[in-house]
Amino acid sequence: MMFAAATLAILAALALVVSRAILGPTVFDRALAGNSVGTLAILLLAVVGFLTGRPEWLDIAITYGLLNLIGTLAVLKYFRYGDLAYDDEDGA
Amino acid sequence: MRALILAIAMLGFWLALSGHFTPFLLTLGVLCVIGVAALARRMGLIDAEGVPIELLAPAVTYFPWLFFEILKSAWAVTRIVLSPSLPISPTMTVVRASQRTSAGLSTYANSITLTPGTITVGLRGDELTVHAIVREGADDLEGGGMDARVRRFEGGK
Amino acid sequence: MDLVIEIASWGLILTGSFFIMVGAVGMNRMPDVFTRMHAASVIDTTGAGFLIFGLILQAGFTLVAAKLVFILLLFFFTGPVVSHALAQAALTAGVEPILADDRRPGHQATPDDTAGRAEGVAAEQGEQPA
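The structure presented is a predicted model; accordingly, all values stated were derived computationally and were not measured. (Residues numbered from 1 in each chain as written. Chains lettered and ligands numbered in written order. Predicted model: local features only at pLDDT ≥ 70, side-chain atom pairs only at ≥ 80, totals over all residues. Heavy atoms only, no water.)

### Side note on the pattern of salt bridges
Logical step 1: Tallying each qualifying case throughout the model produces four salt bridges over all chains.
Logical step 2: Residue K67 of chain C is joined to D59 of chain A by a salt bridge in which the shortest nitrogen-to-oxygen separation is 3.1 Å. Note that K67 of chain C is positioned in helix α3 (residues 63-92) and D59 of chain A in helix α3 (residues 57-81), a pairing that runs across two chains.
Logical step 3: A relative accessible area of 11% means that K67 of chain C is categorised as buried.
Logical step 4: Residue D59 of chain A is classed as partly exposed on the basis of its relative accessible area, which comes to 32%.
Logical step 5: Note that R96 of chain B is salt-bridged to E127 of chain B, the shortest N-O span being 2.9 Å. Of this pair, R96 of chain B sits in strand β1 (residues 91-96) while E127 of chain B sits in strand β3 (residues 127-132), and the two are 31 residues apart along the sequence. (Salt bridge = Lys/Arg side-chain N within 4 Å of Asp/Glu carboxyl O. Helix = DSSP H or I, 4+ residues; strand = E, 2+ residues; numbered from the N terminus. Buried < 20%, exposed > 50% of the residue type's maximum accessible area, 1.4 Å probe, protein only.)

### Let's talk about the sheet that holds strand β2 (residues 118-124) of chain B
Logical step 1: Spatial strand order, β2(B)-β3(B)-β1(B)-β1(C): four strands in an open sheet with mixed pairing. Both edges of this open sheet fall to β2 of chain B together with β1 (101-102) of chain C, since each of them pairs with a single strand only.
Logical step 2: Alignment of β1 of chain B against β3 of chain B, held across six bridges, turns out to be antiparallel. Counterpart to V94 of chain B in the pairing with β3 of chain B is T129 of chain B. (Pairing = 2+ DSSP bridges.)

### Topic: the confidence of the model for chain C
The predicted coordinates of low-pLDDT regions are not to be read in fine detail.
All names here are of chain C.
Logical step 1: The predicted model of chain C has a mean per-residue pLDDT of 77, with 81% of residues at 70 or higher.
Logical step 2: When mean pLDDT is taken per element in chain C, helix α1 (residues 2-29) scores highest with 88 and helix α4 (residues 113-127) scores lowest with 43.
Logical step 3: Below a pLDDT of 50 lies the segment residues 110-130, which in the model reaches 22 contacts outside its immediate sequence neighbourhood of four places, other chains included.
Logical step 4: The ipTM, which scores confidence in the relative placement of chains, is 0.80 for this predicted complex, and the corresponding pTM is 0.82. (pLDDT = per-residue confidence, 0-100. Contact = heavy atoms within 4.5 Å.)

### Quick word on the packing of aromatic side chains
To describe a pair of aromatic rings, you give the distance between the ring centres and the angle between the ring planes.
Logical step 1: For the structure on display, the rule yields nine aromatic pairs over all chains.
Logical step 2: Ring geometry for Y62 of chain B versus W65 of chain B: centroids 5.7 Å apart, planes at 35°, classification tilted. In this pair, Y62 of chain B and W65 of chain B both sit in helix α3 (residues 56-82), three residues apart, roughly one turn of the helix.
Logical step 3: Geometrically, the ring pair formed by F19 of chain C and F50 of chain C is stacked, given 5.8 Å between the ring centres and 5° between the ring planes. Linking F19 of chain C in helix α1 with F50 of chain C in helix α2 (residues 33-59), this pair joins segments that are 31 residues apart in sequence. Neither residue differs from the other here; F19 of chain C and F50 of chain C are each classed as buried.
Logical step 4: Aromatic ring contacts, followed pair by pair, group Y62, F63, W65 and F153 of chain B together with F77 of chain C into a single cluster.
Logical step 5: Over the ring of W65 of chain B we find R149 of chain B, and its NZ or CZ is 5.5 Å from the ring centre. (Phe/Tyr/Trp six-rings, centres within 6.5 Å; stacked < 30°, edge-to-face > 60°. Lys NZ or Arg CZ within 6 Å of the ring centre and 35° of its normal.)

### Observations concerning the side chain of H38 of chain C
Logical step 1: When you line up the elements, H38 of chain C lands in helix α2.
Logical step 2: Of note is the side chain of H38 of chain C, whose polar atom sits 3.4 Å from the backbone nitrogen of G117 of chain B.
Logical step 3: Apart from residues no more than four positions distant in its own chain, H38 of chain C is found in contact with V77, P116, G117, T118, I119, H131, A132 and I133 of chain B. (Polar contact = N/O pair within 3.5 Å; in protein donor to acceptor, adjacent residues only side chain to side chain.)

### Examining the interface of chain C and chain B
Logical step 1: With 44 residues of chain C in contact, the opposing surface of chain B contributes 48 residues.
Logical step 2: For the pair chain C and chain B, the two sides together bury roughly 4000 Å², of which 71% comes from carbon and sulfur.
Logical step 3: Counting across the chain C and chain B interface gives zero salt bridges.
Logical step 4: At the junction of chain C with chain B, the criterion picks out six residue pairs in polar contact (both at pLDDT 80 or more). (Buried area = accessible area lost by both parts, 1.4 Å probe.)

### Structural notes on a nonpolar patch on the surface
Logical step 1: A grouping of F63 and F67 of chain B together with V69, L73 and F77 of chain C is seen on the molecular surface, where their side chains present a nonpolar patch of about 430 Å² in accessible area.
Logical step 2: Of all elements in the fold, only α3 of chain B together with α3 of chain C reach the threshold of two or more residues within the nonpolar patch.
Logical step 3: Within the element layout of this structure, L73 of chain C appears in helix α3. (Patch = residues over 30% accessible without salt bridge, like charges linked within 9 Å, V, L, I, M, F, W, Y side chains within 5 Å. Areas by Shrake-Rupley, 256 points an atom, 1.4 Å probe, with all protein chains shown as cover.)

### Here's the deal with the interface of chain C and chain A
Logical step 1: With 42 residues of chain C at the interface, the matching set in chain A holds 41 residues.
Logical step 2: Together chain C and chain A conceal approximately 3500 Å² of surface at their shared face, both sides included; 82% is due to carbon and sulfur atoms.
Logical step 3: Linking chain C with chain A are two salt bridges, by the criterion used here.
Logical step 4: Run the count over chain C and chain A and you get seven residue pairs in polar contact (both at pLDDT 80 or more).
Logical step 5: Among the secondary structure elements, those contributing two or more residues to the side of chain C that touches chain A are α1, α2 and α3 of chain C.
Logical step 6: It is α3 of chain C that contributes the most residues to the side of chain C that touches chain A, 14 residues altogether.
Logical step 7: By residue class, the composition of the side of chain C that touches chain A is 31 nonpolar, six polar and five charged. (Nonpolar A, V, L, I, M, F, W, Y, C, P; charged D, E, K, R; others polar.)

Right, here's the structure in full:
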């Protein structure tokens, strides 16, 4: 019951955050929203794991957490340098 | 010494995540931990910055204090978000950090970012550029309470 | 005893859900990317913290609880890194923060449109002290 309530709250928050990702206006708003979507997805995985009685989903949540960090940083780096393999000597 | 502590920590982490305790898997885990510890040592990652064991004891008192600070400022931000007039006064300020080690400096910068309402935007030398959502947040940081707390944490107390 | 733990985890999970909602609402109400980051960090620290503490109480002393602690630590150590990277990237890309008060040396709240908006916000705050 309380897991269902938490799931609903997270889903509502996800909808709000996704609306921010769509509205923008700058790419950094979207990157921030993307990162928050990742955070909420991790929490959703954890809570739904408890809701369905299968806490094994936490492993996926941990992996998602690590990928979320790398993904956000990669997006930021791409928009800063226009290139993921930025090299100082080339001058992007 | 540091390599040994790193290995023990990694072994604990691996055991907690795997949850399997058959001899074959345990042997594999121990081999992997030894391999990674040797690699980290060869890459020169094992120093006061990579494995900050001196900070373990002070962390016991520092983290509860930080949690309390986070709670207080989260409640302040919550009130701002929920009040209809949205009473924000965004402030950029430069704060001087008095930490000596890079671990202490990054602890200070990350603690500022972790408390809702203040974000470290830049760090040059010992000067942190901070964005605060209300003037009071910037005033608190300029008052230096958190700076002094992190300096005690860094000093091992 | 079981009842106490049940009630405590109810309270923690509902508090966490409340802070998550507050953060999401704040991300839509705030005027620029820097202030939105403050709202997002409410989700990352307080919302996630309360929710995961509640789940830990449900899980009891098991490996599941250990995994939840790892997720929490992951949030607490990677959250600031991402926030800082975002803030710095936005600043170097030339996104000017809306400021009511700029105390950086060499900067002043310039009398252009953004500063005007910030002054408006500050005036609002003057009328209704929090």
